[in-house]
Amino acid sequence: MNQLPSLPQRSARRRPRASELKRAAIIDAALAEFSRYGLHGARVETIAELAGISKTNLLYYFSSKEILYVEVLKRILDQWLAPLKALSAEQEPLEAIDAYLSAKLAAARDQPEASRLFCLEMMQGAPLIAPVLDGELKQLVDEKSEVIAGWIEQGRLAPVDPRQLLYLLWAATQHYADFATQVRALSGSGLEDPDFFATALATLRRAVLEGLKPRDG
């Protein structure tokens, strides 16, 4: 007969999970604070309060505001890069790019604070996240640019510069988060409105996918 784990064993198993949840809560709170005030304007005390813990407890998990800031940016990149990593040479090009475009616009709708914080970091010259841009991100963009170039060589996409295409997709989708105030002022709505989202996605699909269709002759 199998014996149930002892109380100390069960407690030990719960500790890592509890620690992960607390770290996630801190990062969520930090994202909200950093996206409003930037690195220098954000206050550790406010982040701790938003996370429902003490400042001392927060500093146990992240020993400085700068370390926490970098962790927030790394999580943003991890989430954003997942759809890009999914692009593969075996896919149907237009379907793959359509899926990526849709995922990026959904991210702008669902994670606007993340987009705005990343934009702010870029505008400041990426002082803390530059090594990630020069390393992991550049390597990924190089790899996926080769995939797009392969599609073009096979005649499955119209000839475009692969990196410029990625920049276009990023700009066209993240604009709705980074300039949400302007979008709402001009349109009276934003991506949170299902009809507005559907119209935006349909417009981007028509402009991007129609332009990428191979031309005969």
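Residue numbers run consecutively from 1 along every chain, following the written order of its sequence. Only residues with pLDDT of 70 or above have their local features reported here, since the model is predicted, and side-chain atom pairs are shown and tallied only from 80 upward, although totals for entire chains, interfaces and linings are computed over all residues. With hydrogens and water stripped out, all remaining heavy atoms of the structure feed into the side-chain values.

Helix and strand definitions follow DSSP, with helices as H or I runs of at least four residues and strands as E runs of at least two, each counted in order from the N terminus. In terms of helices and strands, the chain carries 10 helices and zero strands. Put simply, the chain runs from its N terminus to its C terminus through helices and strands in the order α-α-α-α-α-α-α-α-α-α. Dimensions along the principal axes, computed over C-alpha positions, put the chain at roughly 70 × 55 × 35 Å. Only heavy atoms matter for contacts: two residues are in contact if any of them lie within 4.5 Å across the pair. Long-range contacts, defined here as pairs at least 24 residues apart, represent 70% of the contacts in the chain between residues at least 6 apart. Every accessible area reported is derived by Shrake-Rupley at a probe size of 1.4 Å, with residue values counting cover from the shown protein chains alone. As presented, the chain carries roughly 12500 Å² of accessible surface, and 54% of it is formed by carbon and sulfur atoms. One finds the centroid of the 26 positive side-chain charges in the chain at a distance of 8 Å from the centroid of its 28 negative side-chain charges. Positive residues here are Lys and Arg, negative ones are Asp and Glu, while His and the chain termini are left out of the count. Lys charges are placed at NZ, Arg charges at CZ, Asp charges at CG and Glu charges at CD.

Domain boundaries in the chain define domain 1 (14-63) and domain 2 (66-212). Of the residues lining the interface, 16 residues belong to domain 1; the matching set on domain 2 comes to 13 residues. Summed over both partners, the accessible area lost on bringing two parts together, with a 1.4 Å probe, is the buried area. Each partner contributes to the roughly 1300 Å² buried at the junction of domain 1 and domain 2, and carbon and sulfur atoms together form 76% of this total. What counts as a salt bridge is simple: a side-chain nitrogen of Lys or Arg found within 4 Å of a carboxyl oxygen of Asp or Glu. Taken together, the links from domain 1 to domain 2 amount to one salt bridge. Residue ranges assigned to the domains are those given by an automatic or database domain assignment.

Before going further, it helps to examine the UniProt feature "domain: HTH tetR-type" (unreviewed entry) in the chain. UniProt positions are given in the numbering used here, feature names are shortened, and annotations may be inferred rather than shown by experiment. Within this structure's numbering, the places UniProt gives as "domain: HTH tetR-type" (unreviewed entry) are residues 20-80. Along residues 20-80, the helical share is 87% and the strand share 0%, with 21 Å between the first and last C-alpha atoms.

Per the stated rule, a full pass over the model turns up 11 salt bridges. For Asp 28, the salt bridge identified is with Arg 75, shortest N-O distance 2.7 Å. Taken as a pair, Asp 28 in helix α1 (residues 7-41) and Arg 75 in helix α4 (residues 65-85) lie far apart in primary sequence, 47 residues in all. For every residue, the accessible area (1.4 Å probe, protein chains only) is compared with the maximum for its type, and the residue is labelled buried under 20%, exposed over 50%, or partly exposed between those bounds. Owing to a relative accessible area of 43%, Asp 28 belongs among the partly exposed residues under this scheme.

Here we come to the packing of helix α7 (residues 130-153) against helix α8 (residues 162-178). Where α7 meets α8, the axes come as close as 8 Å, and the angle between the chain directions of the two elements is 110°. Our classification of the angle between α7 and α8 gives roughly perpendicular. Only Pro 162, Arg 163, Leu 165, Leu 166 and Trp 170 of α8 make contact with α7, whose side of the interface consists of Val 141, Asp 142, Ser 145, Ile 148 and Ala 149. Working convention: axes come from line fits to C-alpha atoms, limited for helices to the stretch in contact. Angles between N-to-C directions cover 0 to 180 degrees. Note that the term roughly parallel is reserved for angles under 35 degrees, roughly antiparallel for angles over 145, roughly perpendicular for angles of 65 to 115, and oblique for everything else.

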